[in-house]
Amino acid sequence: MERAEKEEVLVEISEDIINNIERLPEGCISDILALTTPADACRSCLVSTLFKSAADSDVVWEKFMPPDYQDIISRAFYPFLSAASSKKELYYRLSDYPLLIDGGLKSFQLEKSSGKKFIMLGAKELAIAHGDNPQHWYWRGYPGSRLAKVAELKWIRWIEIRGKLDTRLLSPKTFYAAYLVLKFKDVVYGFDQPVKAKVELVGRAAGNNEVCSEERHVYLVDNGGEHSPLDPTLAGQYVARERGDGWMEVEMGHFYNEELEEDEGGDVHMSVLETERLGSKYGIIVQGMELRPKVDTQIP
């Protein structure tokens, strides 16, 4: 009985708060919602028609866009109609459909619930040892790849794949994880043991290397044998797993992208190496390296 009375009081208080807020001009409500998140703005649409009108306004969704979104759109590989009917429509277009930029070598997307940036470096944007040798790597289009060309390994004795990206292209004050995105052919050989993966910050951004993960061993193929992770709790992080788009990914490491001055900058360097066991290797297809916000991570 007492609990029910408390709930009734809370409902009355909530209704009073909403009624008081709705006395504000719609523009003021929009300014308040712009300080929340895209997910919160969408939920507020259920409160009332006034809240829905305020939550759908360009004022709110312009704030949710990255400050440099117009510059990024100008780098689109193909004509992109940025003149959407509303900023909300443009936001959802950028979150639902990856945008190829920089000559089609990178893919850009927004994380729908937060507006944080996703960036994928296509295989052509990576430094792959002997990648220009057709005896070792074959470049071609592949169904389901968001980039025009993927790198298919024909045969090699060691693996060396490196990527780098200016941290100013990422969202500031955000933890990121870096992933190698790949597929396997019907026959895969030489990857029953782990490879080395590392993510580090270079340049002015390097001051935050204390929140970068250390070099780790990752498993491109989990064969369930002696070279699988000894600790089963690590399997989800250090073994390639399937993504929602049908590709596989393995986390190479993570870092915190601090907010720096525009002229400071720095790069994030990523690598996957296997240069010690010089045995035959073949059967993997590399789409690229993706950087996206890492959830549920706190700054040490």
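Residues numbered from 1 in each chain as written. Predicted model: local features only at pLDDT ≥ 70, side-chain atom pairs only at ≥ 80, totals over all residues. Heavy atoms only, no water.

Caption draft 1: Local environment of the overall build of the protein chain. A tally of regular secondary structure across the protein chain gives eight helices and 14 strands. Residues counted as buried form 42% of the 300 residues belonging to the protein chain. Pairs at least 24 apart in sequence give 69% of the contacts found in the protein chain among residues at least 6 apart. About 16100 Å² of surface is accessible on the protein chain, with carbon and sulfur atoms providing 52% of the total. (Helix = DSSP H or I, 4+ residues; strand = E, 2+ residues; numbered from the N terminus. Buried < 20%, exposed > 50% of the residue type's maximum accessible area, 1.4 Å probe, protein only. Contact = heavy atoms within 4.5 Å. Areas by Shrake-Rupley, 256 points an atom, 1.4 Å probe, with all protein chains shown as cover.)

Caption draft 2: Spatial organisation of the sheet that holds strand 9 (residues 195-202). In space, the five strands of this open sheet follow the order 4-7-13-9-10, with antiparallel pairing throughout. Both edges of this open sheet fall to strand 4 (127-128) and strand 10 (216-218), since each of them pairs with a single strand only. With three bridges connecting them, strand 9 and strand 10 associate as antiparallel partners. Paired with K196 across the bridge in strand 10 is H217. (Pairing = 2+ DSSP bridges.)

Caption draft 3: A look at the nonpolar core. Core analysis: the largest hydrophobic core is formed by 63 residues, its most contacted members being L94, W137, L180, M252, F255, M270 and L291. Apart from residues no more than four positions distant in its own chain, W137 is found in contact with I128, A129, H130, G131, A151, E152, L153, K154, I156, I159, I161 and V286. Grouped together as the second largest cluster of nonpolar side chains are seven residues, L100, L147, V181 and W247 included. (Core = buried A, V, L, I, M, F, W, Y, C linked by side-chain atoms within 4.5 Å.)

Caption draft 4: Representation of the pattern of salt bridges in the model. Counted under the stated rule, the structure contains 25 salt bridges. Residue K196 is joined to E276 by a salt bridge in which the shortest nitrogen-to-oxygen separation is 2.8 Å. Separated by 80 residues along the polypeptide, K196 in strand 9 and E276 in the loop between strand 13 (267-274) and strand 14 (282-293) bring together distant segments of the chain. Residue E276 is classed as exposed on the basis of its relative accessible area of 55%. Across the pair E290 and R292 runs a salt bridge whose closest N-O atoms are separated by 2.7 Å. Overall, the relative accessible area of 2% leaves E290 in the buried class. (Salt bridge = Lys/Arg side-chain N within 4 Å of Asp/Glu carboxyl O.)

Caption draft 5: Spatial organisation of helix 7 (residues 87-96). For helix 7, the full list of buried residues reads L90, Y91, L94 and S95. For helix 7, the angular spread of the buried residues around the axis is 130°, confining them to a single face. Among the structural elements, helix 3 (38-44), helix 5 (58-64), helix 6 (69-74), strand 1 (99-101) and strand 2 (106-110) are those in contact with the buried residues of helix 7. (Arc of directions from axis to C-beta.)

Caption draft 6: Representation of the packing of aromatic side chains. Across all of its chains, the model carries eight aromatic pairs by this definition. Between the aromatic rings of Y91 and Y92, the centroid separation amounts to 5.7 Å while the plane-to-plane angle is 75°, which identifies the pairing as edge-to-face. On the basis of relative accessible area, Y91 is assigned to the buried category, the value being 0%. Taking 5.5 Å as the distance between ring centres and 65° as the angle between the ring planes, the aromatic pair formed by Y142 and W247 counts as edge-to-face. (Phe/Tyr/Trp six-rings, centres within 6.5 Å; stacked < 30°, edge-to-face > 60°.)

Caption draft 7: Summary view of the environment of F77. Here F77 lies in the loop between helix 6 and helix 7. Taking the relative accessible area as the measure of exposure, F77 reaches 48% and is therefore partly exposed. Remark: the alpha-carbon pair of F77 and K106, spanning 29 residues in sequence, is separated by 9.2 Å. In this structure F77 touches L100, I101, G103 and G104, once residues within four positions along its chain are discounted.

Caption draft 8: Looking closely at unusual backbone geometry. Even without glycine at this site, D102 takes up a positive phi of about 55°. Looking at the element boundaries, D102 is found in the loop between strand 1 and strand 2. Residue H130 is not a glycine yet carries a positive backbone phi of 65°. On the secondary structure map, H130 appears in the loop between strand 4 and strand 5 (137-140). What makes H130 partly exposed here is its relative accessible area of 35%.

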